[in-house]
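# Architecture at a glance
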Amino acid sequence: MADAVIPPAVLRNLSDKLYEKRKNAALEVEGIVKSLAATGDHEKISIVINLLTNEFTSSTQANHRKGGLIGLAAATVGLTTEAAQHLNDRESGKQIVPPVLDSFVDQDNRVRYYACEALYNIAKVVRGDFIIFFNHIFDALCKLSADSDPNVQSAAHLLDRLVKDIVTESDQFSIEEFIPLLRERMNVLNPYVRQFLVGWITVLDSVPDIDMLGFLPDFLDGLFNMLSDSSHEIRQQADSALSEFLQEIKNSPSVDYGRMAEILVQRAASLDEFTRLTAITWINEFVKLGGEQLVPYYADILGAILPCISDKEEKIRVVARETNEELRAIKADPAEGFDVAAILSIARRQLSSEWEATRIEALHWISTLLNGHRIEVLSFLNDIFDTLLKALSDPSDEVVLLVLEVHACIAKDLLHFRQLVVFLVHNFRNDHSLLEKRGALIIRRLCVLLDAERIYRELSTILEGEADLDFASIMVQALNLILLTSSELSELRDLLKQSLVNSAGKDLFVSLYASWCHSPMAIISLCLLAQTYQHASTVIQSLVEEDINVKFLVQLDKLIRLLETPIFAYLRLQLLEPGRYTWLLKALNGLLMLLPQQSAAFKMLRTRLKTVPSYSFSGDQVKRTSSGNPYSQILHDIPCGSQISEDGDVNQDVGTSNLHNGINFTSRLHQFAQMQRQHRMHAKVQAQSRNSSASSSKDVQRSEEPGHQLPLDNSEPPSRSSRKGPGQLQL
């Protein structure tokens, strides 16, 4: 039947190896189909098309397949306006277009080329009727855009441009059906496919009747992925497409910010610099435009912004900081979806960042949340408290100061204040380097933020019952040094100076005394500061051999040097009235006697005491002694059995002299002695433990030495030159 429609000679030429013969045969097929179409004989036209499909395009011979493709294109040209009804047979699944599409995956590159050429000619004829095959054609073109044969690629590009023209002028194109196809291919890495996809996105976005912006979340991630492509051209095309979409977002009244925000957050952490910059720029615009839509995504956005604040690229840092400020300025409520816990978690996580700027901004966020949502933040305090405490060890002073501000804000409540100080002491106990390197900074700043007296009272209460005596001693010495030297604690020092005349000063003195007992030098310093000179002298006299060790002398050296600073100017001026401040002289003389004579501190204190004028107690006339030690006469002139009060008056009533302004100094001295007894016992236990360990190791060593013998005479004492007294310093 087919032979009756198409002459055998035409069929032979259609499968000839020469292109010219196939072309001429196709022209004859075109004429035959045109004649049949003119008479309306569509049955015979179907026979011709089926013949070309079954006998040619499905043949195992490449030339037959080529002839079949050119024949189908010719038949379509011959049908002209009536071609639509022969494009596809729904029952058989064949007719003109399906066989051509199947040929796009042919193993022969020339067959693929002719398939592109055939479909191009078919599309030119049918135009809009062609849209029903769009998804199949798009899929085929996507593959052909990366074809290994450059001629096939070139033919595919020509076909692609024609298909784009047809789609842009058609009202039958379905964007809803197309988007899944696009999304499926957006993460392909082949550069030719990427160019192909970006081209289609750009073209479709230019069509007014197609809402590509509404489907942007479906392929936004793919576009961002292309920003890091090795090809400059692809990066440029992707950036151009993204810029166009961002402009549309600014002008659009309705945008799905949420889904896109999730994508942008991920891309802001990209290793590619350009991708990060583009993502953070988009986030910046979203924060300005998004409004309530973005409230549930604030935590994710913050998680993307904070690392970028420390980015190596300045442009990224600038945009990130601007975005951070915009985000922090927005007033949002938990009732609107503002997730305080999530944002707090992000800020806590970024406190561990290696970058200082990021850690600083994380702390600013915690502070902002505390100011705006205090109750919610405190409900999650257990989740962040340990991290905040660890941040006190941060190498950056600025970070530490900000952490302290956050702690101070939390500690406004009495419960949290106590918790803060307890945890702080715990950290100092576990990390002595923190106390050594940052102790002064931390304590001084907290004293400014939370009231110095409150801080010192709480610390003293905790340290009074401290089980680790070595740590307690170190901690008290540190607190004492801060008290004596820091400008932030000047009011506390002034209050302590009034201990004998002011009830508030007395209460503070008694409160600190209990824990200051851990350190003899701290107690002596406290007494000198509080002007309880008689008690200072009594404490000095109560010291025993074990108390005066190297550590004590080091602390004493520091105190002597501090006596020469402006803080103790009042004490030095009191030395001008030796008759009134006799116990001060006695206390200083006691300290002098404890110092090694060749030490710098001894010479410093002796020089100071030599300048003290001498007064007689027997009359009003001032007598300058001829002795080289002008204050020695005063000590001898005190009547036997008399007690000198703290202000220097002679008091015969011994029973009342130990009670000044309600301070029972006898009880205080007992408290100090008891604490020092505990320290001495502790030191002995430690020494015995060390000696036991040393003896064990020596015994093992000796047992391993062959022929070990005792010396012949072990009764001879060591030479004088080889002996050193306990606590003797090498000066």
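Report on the accompanying structure. Throughout, residues of each chain are indexed from 1 in the direction in which the sequence is written. Given that the model is predicted, a residue must reach a pLDDT of at least 70 before its local features are reported, and side-chain atom pairs must reach 80 or more before they are shown or counted; all residues, however, enter totals for whole chains, interfaces and linings. In computing side-chain properties, one takes all heavy atoms of the structure into account and sets aside hydrogens as well as water.

## Some words on the packing of helix α16 (residues 298-308) against helix α18 (residues 340-350)
For the pair α16 and α18, interaxial distance at closest approach is 8 Å and the crossing angle is 20°. Here α18 runs roughly parallel to α16, going by the angle between their axes. Between α16 and α18 the crossing geometry is right-handed. On α18, the residues that touch Tyr298, Ala299, Leu302, Gly303, Leu306 and Pro307 of α16 are Ala342, Ile343, Ile346 and Gln350. The convention used is that axes are lines fitted to C-alpha atoms, helices contributing only their stretch in contact, and that angles between N-to-C directions extend from 0 to 180 degrees. Where helices and strands are cited, they refer to DSSP runs of H or I of at least four residues and of E of at least two residues respectively, numbered from the N terminus. Under this scheme an angle from 65 to 115 degrees is roughly perpendicular, one under 35 degrees roughly parallel, and one over 145 degrees roughly antiparallel; angles in between are oblique. Each crossing is labelled by how the near helix is turned from the far one, with a counterclockwise turn of less than a right angle marking it left-handed and a clockwise turn marking it right-handed. Every residue pair with non-hydrogen atoms within 4.5 Å of one another is taken to be in contact.

## Overview of the packing of helix α9 (residues 150-169) against helix α11 (residues 191-205)
When two helices pack together, their arrangement is given by the angle between their axes and by how far apart the axes lie. Two elements in contact, α9 and α11, have axes whose closest approach is 11 Å; the angle formed by their N-to-C orientations is 15°. As the angle between them shows, α9 and α11 are arranged roughly parallel. Crossing handedness for the pair α9 and α11: right-handed. From α9, Gln153, Asp160, Val163, Lys164, Val167 and Thr168 reach across to α11, where they touch Tyr192, Phe196, Gly199, Trp200, Val203 and Leu204. Residues of the contact of α9 with α11, tallied by class, amount to seven nonpolar, three polar and two charged. Side-chain classes follow a simple rule in which Ala, Val, Leu, Ile, Met, Phe, Trp, Tyr, Cys and Pro form the nonpolar group, Asp, Glu, Lys and Arg form the charged group, and the remainder, Gly included, forms the polar group.

## Some words on α9
In a regular helix each residue adds 1.5 Å, so 20 residues correspond to 28 Å; α9 covers 29 Å between its end C-alpha atoms and thus fits that length. Residue exposure (1.4 Å probe, protein chains only): buried if accessible area is under 20% of the type maximum, exposed if over 50%, otherwise partly exposed. The set of residues buried in α9 consists of Val152, Gln153, Ala155, Ala156, Leu159, Asp160, Leu162, Val163, Lys164, Ile166 and Val167. Of the surrounding secondary structure, the elements contacted by the buried residues of α9 are α7 (109-126), α8 (134-144) and α11. Expected helix span is computed as 1.5 Å times (number of residues minus one).

## Some thoughts on α16
Counting buried residues along α16, eight of its eleven residues qualify, which places the element largely inside the surrounding structure. Buried within α16 we find Tyr298, Ala299, Ile301, Leu302, Ala304, Ile305, Leu306 and Cys308. If you follow the buried residues of α16, they end up packed against α14 (257-267), α15 (273-290), α17 (314-329), α18 and α19 (356-372).

## Some remarks on a negative patch on the surface
For patches, a residue must show more than 30% relative accessible area and have no salt bridge; joins then use 9 Å for like charges and 5 Å for nonpolar side chains, namely Val, Leu, Ile, Met, Phe, Trp and Tyr. For the accessible areas, the method is Shrake-Rupley and the probe is 1.4 Å, while residue cover comes only from the protein chains on display. Salt bridges are defined by distance alone: a side-chain nitrogen of Lys or Arg within 4 Å of a carboxyl oxygen of Asp or Glu. Residues scored as positive are Lys and Arg, those scored as negative are Asp and Glu, and His as well as the terminal groups of each chain are ignored. Positions of charges follow a simple convention, taking NZ of Lys, CZ of Arg, CG of Asp or CD of Glu. Taken together, the side chains of Glu292, Asp333, Glu336 and Glu376 define an acidic patch exposed on the protein surface. Structurally, the position occupied by Glu376 is in helix α20 (residues 374-379).

## Here we look at the pattern of salt bridges
Applying the stated criterion across every chain, the model contains 32 salt bridges. Several salt bridges converge on common partners, so that one network encompasses Asp139, Lys143, Glu184 and Arg185.

## Section: the environment of Ala75
Its location among the elements puts Ala75 in helix α5 (residues 62-79). When its relative accessible area of 0% is taken as the criterion, Ala75 is described as buried. Linking Ala75 and Val29, residues 46 residues apart in sequence, is a C-alpha distance of 6.3 Å.

## Focus: the layout of surface pockets
Two kinds of site are reported from a 1 Å grid over the protein atoms alone, namely cavities, where a 1.4 Å probe fits but cannot get out, and pockets, open sets with protein on both sides within 12 Å along at least five of seven lines, and residues are called lining when an atom falls within 4 Å of a point. Grid points are joined across faces, edges and corners, and a volume is the space filled by probe spheres set on the points. In this structure, the largest pocket occupies an estimated 1,100 Å³ of space. Along the wall of the largest pocket there are 40 residues; nearest its centre are Asp470, Ser473, Ile474, Gln477 and Lys551. Of all the secondary-structure elements, those providing two or more residues to the lining of the largest pocket are α24 (432-450), α26 (469-485), α29 (520-530), α31 (550-562) and α37 (665-703). It is α26 that provides the largest number of residues to the lining of the largest pocket, a total of ten residues. Considering only residue class, the lining of the largest pocket consists of 16 nonpolar, 15 polar and nine charged.

## Description of the state of the cysteines
A pair of cysteine sulfur atoms is labelled a disulfide when the two atoms are within 2.5 Å. Enumeration over the complete set of coordinates arrives at zero disulfides. Looking at the unpaired Cys517, the closest cysteine sulfur is the one in Cys527, lying at 9.1 Å. Overall, Cys517 belongs to the buried group, its relative accessible area being 0%.

## A few points about empty space enclosed by the protein
Enumeration according to the criterion identifies one cavity of 30 Å³ or more in this entry. The space that makes up the largest cavity amounts to roughly 60 Å³. Ile560, Leu563, Glu564, Leu571, Arg572, Leu588, Met604, Leu605 and Arg608 together form the lining of the largest cavity. Listed by contribution, the elements that provide at least two residues to the lining of the largest cavity are α32 (569-574) and α34 (600-610). Ranked by the residues each element gives to the lining of the largest cavity, the list is headed by α34, at three residues. A breakdown of the residues in the lining of the largest cavity according to their chemical character gives six nonpolar, no polar and three charged.

## Quick notes on unusual backbone geometry
If you check the backbone angles, Arg127 has positive phi at about 50° while not being a glycine. As for its placement among the helices and strands, Arg127 is situated in the loop between α7 and α8. Classification of Arg127 by relative accessible area gives partly exposed; the value is 27%. With a phi angle near 65°, Gln531 is a residue other than glycine that sits in the positive phi range.

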